[in-house]
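# Reading the structure
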Amino acid sequence: MALEFGGGLNLALATPFAAAVVAPYLKRLMGHNVAWLLALMPAGIFVYLCQFIGTVATSGHGVHITPLEWLPQYGIQYSLFVDGLSLVFALLISGIGTLIILYSGGYMKGHADQGRFFSFMFLFMGSMIGVVLADNLMTLFIYWELTSITSFLLIGFNHKEERSRRAALQALIVTGGGGLALLAGLLMMYQAGGTMEMSELLTRGDVLRDNGHYGAMLLLILGGAFTKSAQFPFHYWLRNAMEAPTPVSAYLHSATMVKAGVYLLMRVHPVMGDTTLWMTILPIFGAITLIMGTWMSLRQTDLKLTLAYTTIASLGLLVMLVGTSNETAITGAVVYLFAHALFKGGFFMIVGTIDHEAGTRDVTRLGGLRNAMPVSFYAAVACALSMGGIWPFIGFIAKEEMYLGLLGTNLPALLLTLAAVLGNAMMFGAAFVVALKPFLGEEVHTPKHAHEGPVLLVAGPVTLASLGLLAMLFGDFVGAELLRPMANAVHGHHGHLQIGIGAVHVNFAFMLSLITIALGVGFYFRYEAIRSTRGVLIRTLGEGPDSFFDIFIAGLVRFSARTMRLLQSGNMEVYLAATFATIALALIVPMIVFDELPDWPQFPDLYIYEWSTLGLAVVGLYALIVAKTRLTAIVSLGIQGFAVALIFLLFGAPDLSFTQFMVETLAVVIIALIMNRLSLKEHDKRPPQQVMVDASLSILVGLGFCLLLMSVTQGAFDRHLSDFFTDYSRVIAHGRNIVNVIIVDFRGFDTLGEIAVVTITALCVHTLTLGTGRSGLKSKFFKNKSSGFDEATSGQKGAE
Amino acid sequence: MEGVLSILVGIFFAVSIYLMMSRYTIRIMLGVAALSNAVNLLIFTSGRLMREVPPIIPEGASVPAMPTANPLPQALILTAIVISFSFLAFLLVLAYRAYQELGTDDITQMRVAEPADEDLPPVSY
């Protein structure tokens, strides 16, 4: 089985990315009709994935393909697996993707960047299919982040508008931040479960629930899922994401990407669900999102925003249902998810078509379009019937199942049922506002003369709308082959589900449905009144987090600016002090901690001339510090340099000594030249406390190096390398001066590097001195030269 | 012998770092010049000391007849001396040019790259 499907599945996942590369070129060749060609690609994936339906439904467990190894020592690999849950998602993504590509061809017609738009859409499609098919947790995470990034690109597609940029950035920050939480959660799952493979983890029963860190793990996973699926209080990014072109809203922000969070919750439900924590957090946040979303949706006049808020509400409903861990409720969630993808994707496309053809999507400026756009009208009504949960559309089954699952006698169950009824009723109202208000009533003058959209624009909504009915007509197939395996994958064992025209049972759930519809009709007719109510609490819940985001971002920018100014003050004294303090700590602390302080050295047996050389160096250094005039400073610099040269000479290093003499002489000459132009201030101008700080810091560093060197020289000495050079310098390199042989022979490349460094600095010096001849600077140069000269003479006088 | 050289190295470091923490570029330059000597002496001493026997192989022999000073640190220092000298020259010219362009040799007043009164970044999208 594995080999049979393996290559094909990897190919299917690679295809969208390949299409993303070629799409702009094809667009340039063929214009907007390239959509017909491009749509073949997701259609091909869809057909290919259909092969899996039978296998997955009968086998009951997933189909694995041969993984590609990546970092085997950490269990990280590229692995995919197909089970009921991932298959339905992948079919939705590729199937709706096909229609969306067609739709984009019509909707973005004439847009200068249509090719790039196709490219981004395909990138997203590939990433999204990857999310649902991923088996390895890291594969999942990478695809997850890729969907966030592609969503960012698509929301910000009209990047010349500030609102688009804000919405794109907001989506990226919210979902990307959630992605980080998810990464931590996935790693904890790996730690607790001992495997990176999701399919493997699902067979390990209670290992995650029994883990001591279960709470933290769950919260982190929820951090990823709630941000992606726009749960309160992270829902605002989804509303703002409506800045994107409508195909994007239809595809990413209703049908597929925002369901990734719900997918994740469904995926981990068998091993992480059914706990008190799970059954507390998810229903509460889901219910708040549902009520807030539906209420906000009724308050909008922009049809797209109405739909956006119902999407938020639907996601809340799904989270709530998954959060009950009740088998029937989850089956309801599965059916609802399927139905929602169809009707909401269709709805968005219809609204896009209205916007495209009539020039506005403001419900108060639309009316009477039923004659001009009849196809869109019927499609919209079909979508609304499914969304409102009216027989014989698939949405009906979803609602029956969820009510059956939610019903209970205890208080939480009653509250959740109440929330579901209320939410569904408001959703019903919103659905018919979108489906009826623009089409019924008197014809209103619209910015553009409205007429039915071209085939590219209506193909998608018509297909999706009719699928809501067809799914019921072919209920046996949809139920047994698609949705039952999916529901089984979510609750972890086999359940039952009946879909079809005949699946109507007059029970308590049916009563609740009737109540929902009655309330929904009420909401529809009270729509104008609801829009003008104040609803302070709901508005605060709905819009508060969005303004908080602005405060947060502004605060972040200010905070980083202040932090940077504190750390990078621009004051070199601070930088240097910090550097030297670190060096001092790094030298002294480890020696004290690990008790490696050197022994007190014995009084050395030095000859008198050696003592005097060392003394000379110390005198030179002392004079260098206290020097008040240029001349003294230069002379004392020379003294300490020559003293070092003498030390080299006394301890068997004539080559060093010779070089040091030359270099010191040159240095003194150059410094004298430069100093002649810069004045050495008589006083260092350090205030006494600054002298104390600097002096103690430098003494500490000096002490550190002194102790380090003592402890190094008191230890054992490895002459290995030196002996090698000594032994072979004559034999191999035919030179008698070992130091020279090392430099030009054994370490010749090093010397080449050194020559290069010297050349480059010489070039830099040359370049820097070129500018000195400029006229503006020349006067300053001379003025300074003369003043320096005065100071030199005064210095000499002082010395005398 | 190494002990007393270690103390000298410590003094070298202390003096050069004290000079480098000055506000005036010319004192910093003096500190850098002394610092290179400090580092060279550190390498030299850590290779152990031996009096007056340079690492040279006598004529006709293939290895030195008696123990010599350690040639390896010498080779390293020889490279270091030249490089630190070239950098000192570069720094000196740089300091001089900075003085010409900015009219000051006080590093607290050299704020072209990081102005003290820089505005906070704008808050928009």
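Since we're looking at a predicted model, the values are computed, not measured.

Moving on, we get to the overall build of chain B. Within chain B, the regular secondary structure consists of three helices and zero strands. The N-to-C order of helical and strand elements in chain B reads α-α-α. When the backbone C-alpha atoms are referred to their principal axes, chain B occupies close to 75 × 35 × 30 Å. Taking contacts inside chain B between residues at least 6 apart in sequence as the whole, the part at least 24 apart equals 53%.

So, about the overall build of chain A. Scanning chain A for helices and strands turns up 32 helices and four strands. Relative to its length of 800 residues, chain A is extended, with a C-alpha radius of gyration of 38 Å against a globular reference of 28 Å. Across its three principal axes, chain A shows a C-alpha extent of roughly 115 × 60 × 55 Å. Sorting the 800 residues of chain A into buried and exposed places 49% on the buried side. Partitioning the intrachain contacts of chain A with sequence separation of at least 6 by distance along the chain shows that 78% fall at a separation of at least 24.

Across soluble globular proteins, nonpolar side chains show a tendency to be buried alongside one another. A:C383, A:V434 and A:L483 are the most contacted members of the largest nonpolar core, which totals 206 residues. Per element, the largest residue contribution to this core is 19 residues, and it comes from helix α15 (residues 327-358) of chain A. Ignoring sequence-local partners within four residues, the contact set of A:V434 consists of A:L303, A:T306, A:L307, A:F347, A:V351, A:A380 and A:A384. Grouped together as the second largest cluster of nonpolar side chains are 81 residues, A:I625, A:M675, A:I742 and B:I26 included.

This paragraph deals with helix α20 (residues 475-491) of chain A. All names here are of chain A. Here α20 contains 17 residues, and its C-alpha end-to-end distance of 21 Å is more than 12% below the 24 Å for a straight helix at 1.5 Å per residue. The sharpest bend along α20 measures roughly 40° and falls at L483, with the proline P485 sitting one to four residues further on. One or two residues past the end of α20 sits G492, with phi positive at roughly 85°.

Before going further, it helps to examine the packing of helix α14 (residues 303-324) of chain A against α15(A). All names here are of chain A. One can describe the packing of α14 onto α15 by two numbers: an axis separation of 10 Å at closest approach and a directional angle of 170°. Relative to α15, the element α14 is oriented roughly antiparallel. Two secondary-structure elements touch here, α14 through L303, K304, L307, T311, S314, L317, L318, L321, V322 and T324 and α15 through A329, I330, G332, A333, Y336, L337, H340, K344, F347, F348 and V351. Of the residues in the contact of α14 with α15, the class split is 14 nonpolar, five polar and two charged.

The linkage connecting A:F232 with the following residue, A:P233, adopts the cis geometry, with an omega of 0°. Among the structural elements, A:P233 can be located in the loop between α9 (214-228) and α10 (236-240). Of note, the amide linkage connecting A:W391 to A:P392 takes the cis form, showing an omega dihedral of 5°. Among the secondary structure elements, A:P392 is positioned in the loop between α16 (374-387) and α17 (394-406). Look at A:A230: it is not a glycine, yet its phi comes out positive at around 55°. Within the secondary structure layout, A:A230 lies in the loop between α9 and α10. In the Ramachandran plot, B:R48 falls in the positive-phi region, its phi being about 70° despite a non-glycine side chain. Mapped onto the secondary structure, B:R48 falls in the loop between α2 (25-46) and α3 (71-102).

Turning next to the environment of A:T256. Residue and element names in this part refer to chain A. For T256, the position within the fold is in the loop between α11 (246-255) and α12 (260-272). Since 27 C-beta atoms lie within 10 Å of it, T256 is described here as buried. Put simply, T256 and I93 are 163 residues apart on the chain and 6.3 Å apart in space, counted from C-alpha to C-alpha. Sequence-distant contacts of T256, defined by excluding residues within four places in its chain, comprise L92, I93, I96, M128 and Y251.

Residues and elements named next belong to chain A. Residue position: G542 is located in helix α23 (residues 536-567). In this structure the C-alpha to C-alpha distance between G542 and W295, which are 247 residues apart in sequence, comes to 9.2 Å. In this view, G542 contacts M292 and M296; residues no more than four positions away in its chain are not counted.

Turning our attention to the UniProt feature "transmembrane region" (unreviewed entry) in chain B. All names here are of chain B. UniProt's feature table lists "transmembrane region" (unreviewed entry) at residues 6-21, 28-45 and 75-96, given in the numbering used throughout. Helix makes up 100% of residues 28-45 and strand 0%. Its end C-alpha atoms lie 25 Å apart. This span, residues 75-96, is 100% helix and 0% strand, and a straight line between its end C-alpha atoms measures 32 Å.

This part is about the packing of helix α28 (residues 688-714) of chain A against α2(B). At a minimum axis separation of 10 Å, α28(A) and α2(B) run at an interaxial angle of 20°. Between α28(A) and α2(B), the angle falls in the class roughly parallel. In this structure, α28(A) crosses over α2(B), and the sense of that crossing is right-handed. Within the contact between the two elements, α28(A) uses A:F705, A:L709, A:V712 and A:T713 and α2(B) uses B:L42, B:T45 and B:S46. Partitioning the contact of α28(A) with α2(B) into residue classes produces four nonpolar, three polar and no charged.

Another point: the interface of chain A and chain B. A common measure of how large an interface is: the accessible area buried when the components associate. Across the contact, 98 residues belong to chain A and 82 residues belong to chain B. At 13 residues, α28(A) tops the list of elements feeding residues into the side of chain A that touches chain B. When grouped by side-chain class, the residues that make up the side of chain A that touches chain B number 59 nonpolar, 21 polar and 18 charged.

The subject of this paragraph is the confidence of the model for chain B. Residue and element names in this part refer to chain B. Averaged over all residues, the pLDDT of chain B is 87; the fraction at 70 or higher stands at 100%. Taken element by element, the predicted model of chain B shows its lowest mean pLDDT in α3 (89) and its highest in helix α1 (residues 2-20) (93). Two summary scores accompany this predicted model of the complex, namely pTM at 0.76 and ipTM at 0.93.

To continue, consider helix α25 (residues 608-626) of chain A. In a regular helix each residue adds 1.5 Å, so 19 residues correspond to 27 Å; α25(A) covers 27 Å between its end C-alpha atoms and thus fits that length. Here α25(A) has its buried residues at A:T613, A:L614, A:A617, A:G620, A:L621, A:L624 and A:I625. End-on view of α25(A): buried residues confined to an arc of 140°, all on one side of the axis. The outward face of α25(A), more than 90 degrees from its buried face, is lined by the exposed residues A:I608, A:Y609, A:W611, A:G615 and A:V626. Those residues of α25(A) that are buried lie in contact with α26 (630-650) of chain A together with α1 and α2 of chain B.

Reading guide: rules and limits
Residues numbered from 1 in each chain as written. Chains lettered and ligands numbered in written order. Predicted model: local features only at pLDDT ≥ 70, side-chain atom pairs only at ≥ 80, totals over all residues. Helix = DSSP H or I, 4+ residues; strand = E, 2+ residues; numbered from the N terminus. Contact = placed C-beta atoms within 7 Å. Rg over C-alpha atoms; globule rule 2.2 N^0.38 Å. Buried ≥ 20, exposed ≤ 12 C-beta atoms within 10 Å, placed from the backbone. Core = buried A, V, L, I, M, F, W, Y, C linked by C-beta atoms within 7 Å. Expected span 1.5 Å × (residues − 1). Bend = angle between axes of the 7 residues up to and from the residue. Axes fitted to C-alpha atoms, helices over the stretch in contact; angles between N-to-C directions. Parallel < 35°, antiparallel > 145°, perpendicular 65-115°, else oblique. Nonpolar A, V, L, I, M, F, W, Y, C, P; charged D, E, K, R; others polar. UniProt positions renumbered as here; feature names shortened; annotations may be inferred. Left-handed = near helix turned anticlockwise from the far one by under 90°. pLDDT = per-residue confidence, 0-100. Arc of directions from axis to C-beta.

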